[in-house]
Amino acid sequence: MEKVGCYIHIPFCQKKCYYCDFCAYMNVEDRIDSYIKNLKKEINFYQERLSVDIDSIYIGGGTPSYIDPVYIKKIIDEVRKFKISDLKEFTIECNPNSISKEKLAIYKDIGINRISLGVQSFDDEVLGAIGRNHTADIALKDIDMIRNAGFDNLSFDLMLNLPKQSYRSIKNDLEMVKKISPEHISWYSLILEEGSRFYALDKKGKLDLMEDDDEVDIFEEIIEELDSLGLKRYEISNFAKKGYESYHNKKYWEGRGYIAFGMSGSGYLTNYRYTNTRNFIHYEQKIGQGNLPIDEISYIDKEDKEKEYIIFKLRETSGIN
């Protein structure tokens, strides 16, 4: 029986950041209950059609920690109807200002063993410029809360080339990493995604970003500093202490199978790659009709697999033979 990863998408946010083009919506709290019900139905549809063994779970968004944790428990109760013989990793994405001791206790109770926290920066001016609804102090308090709740696998996201971000600001971020000592870091360069607020501002010439050469030089320094802290680079933007590389995300880069549930979720099973609709109404209609909410599906033949293998392996520092 094939061992696969499981991705679950929660499309709700308290606030949408200016760089974001993900399937994430704010001010639609009235849709949460019906979405979770339909999500459970979608999971059940796959249980009727597939026989797989899930060995990793990743709940992403949006902001999964924004919704009531009872919903998260209901989703996982449904997922556990699949065969799960050896769950290697169970991650939930959280944002600062959206967690509590009660939520973390429930996450722990349902088996979550890895928290991925969207910090982005420890500079309040930068956080304001990118539309985050937390401060550095809130992020630090939430990190303490996560540690005190017993989570010993903490990852957090940081970003490079943001408006208002200086070299001094980045050095401060590195000092915070040294102080916190997370098991994993994802440090992304800003990408101007079409549909995001930043993309529109850049088109109008109203976005002040780093010169490309400066960005490259600073990222090289970040790589060296993180390496000295035991956070080894194993993928373009990902760094981990030994043994803490993301088991689930490596499935994507290694071309292994994964199943995906929820709006915009993308899966890869038995040579087919599929992507779900991003639209609430279409998602609800398809589920209501007893259909999978897939928008796009493609067959990955031998030649496609070889090309993807090369592309994905070039993302990893292990490279290709």
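Structure report, in brief. It should be emphasised that the depicted structure is a prediction, and the values quoted were computed from it without experimental measurement. (Residues numbered from 1 in each chain as written. Predicted model: local features only at pLDDT ≥ 70, side-chain atom pairs only at ≥ 80, totals over all residues. Heavy atoms only, no water.)

Below, the discussion takes up the overall build of the protein. For the protein, the helix and strand inventory stands at eleven helices and twelve strands. What you see for the protein is a C-alpha radius of gyration of 20 Å, in line with the 20 Å of a compact globule of 321 residues. Principal-axis analysis of the C-alpha atoms places the extent of the protein at approximately 55 × 50 × 45 Å. A burial count over the protein gives 50% of its 321 residues as buried. Long-range pairs, those at least 24 residues apart, make up 72% of the contacts in the protein with a sequence separation of at least 6. Here the protein displays about 15400 Å² of accessible surface, and carbon together with sulfur accounts for 47% of that area. Across the protein, 45 positive and 55 negative side-chain charges occur, with their mean positions spaced 5 Å apart. (Helix = DSSP H or I, 4+ residues; strand = E, 2+ residues; numbered from the N terminus. Rg over C-alpha atoms; globule rule 2.2 N^0.38 Å. Buried < 20%, exposed > 50% of the residue type's maximum accessible area, 1.4 Å probe, protein only. Contact = heavy atoms within 4.5 Å. Areas by Shrake-Rupley, 256 points an atom, 1.4 Å probe, with all protein chains shown as cover. Lys, Arg positive; Asp, Glu negative; His and termini not counted. Charge placed at Lys NZ, Arg CZ, Asp CG, Glu CD.)

What follows covers the packing of aromatic side chains. With the rule as written, the count across this model stands at 16 aromatic pairs. Seen from their ring centres, Tyr7 and Tyr58 are 6.2 Å apart, and the 25° between their planes marks the pair as stacked. Of this pair, Tyr7 sits in strand S1 (residues 3-10) while Tyr58 sits in strand S2 (residues 53-61), and the two are 51 residues apart along the sequence. No difference in accessibility class separates Tyr7 from Tyr58, as the two residues are buried. Pairing Tyr25 with Phe280 gives two aromatic rings, centres 5.2 Å apart and planes at 55°, and the pair type is tilted. With Tyr25 in the loop between S1 and helix H1 (32-49) and Phe280 in helix H10 (residues 280-288), the pair connects residues that are 255 residues apart, well separated along the chain. Note on Phe280: relative accessible area 11%, which makes it buried. Taken together, the ring pairs in this structure connect Phe12, Tyr25, Tyr35, Phe280 and Tyr283 into an aromatic cluster. (Phe/Tyr/Trp six-rings, centres within 6.5 Å; stacked < 30°, edge-to-face > 60°.)

Okay, the pattern of salt bridges next. All chains considered together, the criterion is met by 19 salt bridges. Across the pair Arg256 and Glu254 runs a salt bridge whose closest N-O atoms are separated by 3.0 Å. It is possible to trace a salt-bridge network through shared partners that takes in Lys171, Glu221 and Glu225. (Salt bridge = Lys/Arg side-chain N within 4 Å of Asp/Glu carboxyl O.)

This brings us to the pairing of S1. Across the eight residues of S1, seven count as buried, placing the element largely inside the fold. Sheet topology note: the S1/S2 ladder contains eight bridges and is parallel. Each bridged residue has a counterpart across the sheet, and for Ile10 the counterpart in S2 is Gly61. In this fold, the crossover linking S1 to S2 by way of H1 has right-handed handedness. Where S1 lies against strand S9 (residues 258-261), four bridges are found, and the strand directions are parallel. Across the sheet, Ile8 pairs through a bridge with Phe261, a residue of S9. (Pairing = 2+ DSSP bridges. Right-handed = clockwise from strand over helix to strand, strands pointing away.)

It is worth spelling out the side chain of Thr63 at this point. Structurally, the position occupied by Thr63 is in the loop between S2 and helix H2 (69-79). Residue contacts for Thr63: discarding those within four places in its chain leaves Ile10, Phe12, Cys13, Asn95 and Ser98.

Before going further, it helps to spend a moment on the nonpolar core. Judged by nonpolar contacts, the single largest core of 74 residues is most densely connected at Ile8, Ile115, Phe122, Phe156 and Trp187. Per-element accounting of this core gives the leading share, seven residues, to H1. The contacts of Ile8, once residues within four sequence positions are left out, are Leu39, Ile57, Tyr58, Ile59, Gly60, Ile75, Ile76, Val79 and Phe261. Formed by eleven residues, the second largest nonpolar core is a distinct cluster that contains Ile130, Leu162, Leu190 and Leu207. (Core = buried A, V, L, I, M, F, W, Y, C linked by side-chain atoms within 4.5 Å.)

What follows is about the layout of surface pockets. Volume-wise, the second largest pocket comes out at about 180 Å³. Listing elements by their share of the lining of the second largest pocket, those giving two or more residues are H1, strand S11 (272-276) and strand S12 (294-299). Across the lining of the second largest pocket, the residue classes break down as nine nonpolar, one polar and two charged. (1 Å grid on protein atoms, 1.4 Å probe; cavity = no way out; pocket = protein on both sides within 12 Å on 5 of 7 lines; lining within 4 Å. Points joined across faces, edges and corners; volume = space filled by probe spheres on them. Nonpolar A, V, L, I, M, F, W, Y, C, P; charged D, E, K, R; others polar.)

A few words on helix H11 (residues 302-313). Helix length check: H11 (twelve residues) gives 16 Å between terminal C-alpha atoms against 16 Å at 1.5 Å per residue, within 8%. Sitting at the head of H11, Asp301 places a side-chain oxygen 3.2 Å from the backbone nitrogen of Glu303. (Expected span 1.5 Å × (residues − 1). Polar contact = N/O pair within 3.5 Å; in protein donor to acceptor, adjacent residues only side chain to side chain.)

Let us look at helix H3 (residues 101-109). Within H3 the residues assigned to the buried category are Lys103, Leu104 and Tyr107. Seen along its axis, H3 keeps its buried residues to an arc of 95°; they face one direction. In H3, those exposed residues whose orientation departs by more than 90 degrees from the buried face are Lys101, Glu102 and Asp109. Lining the buried residues of H3 we find H2, strand S3 (89-94), strand S4 (114-120) and helix H5 (136-148). Looking one or two places after H3, you find Gly111, whose phi comes out positive at around 105°. (Arc of directions from axis to C-beta.)

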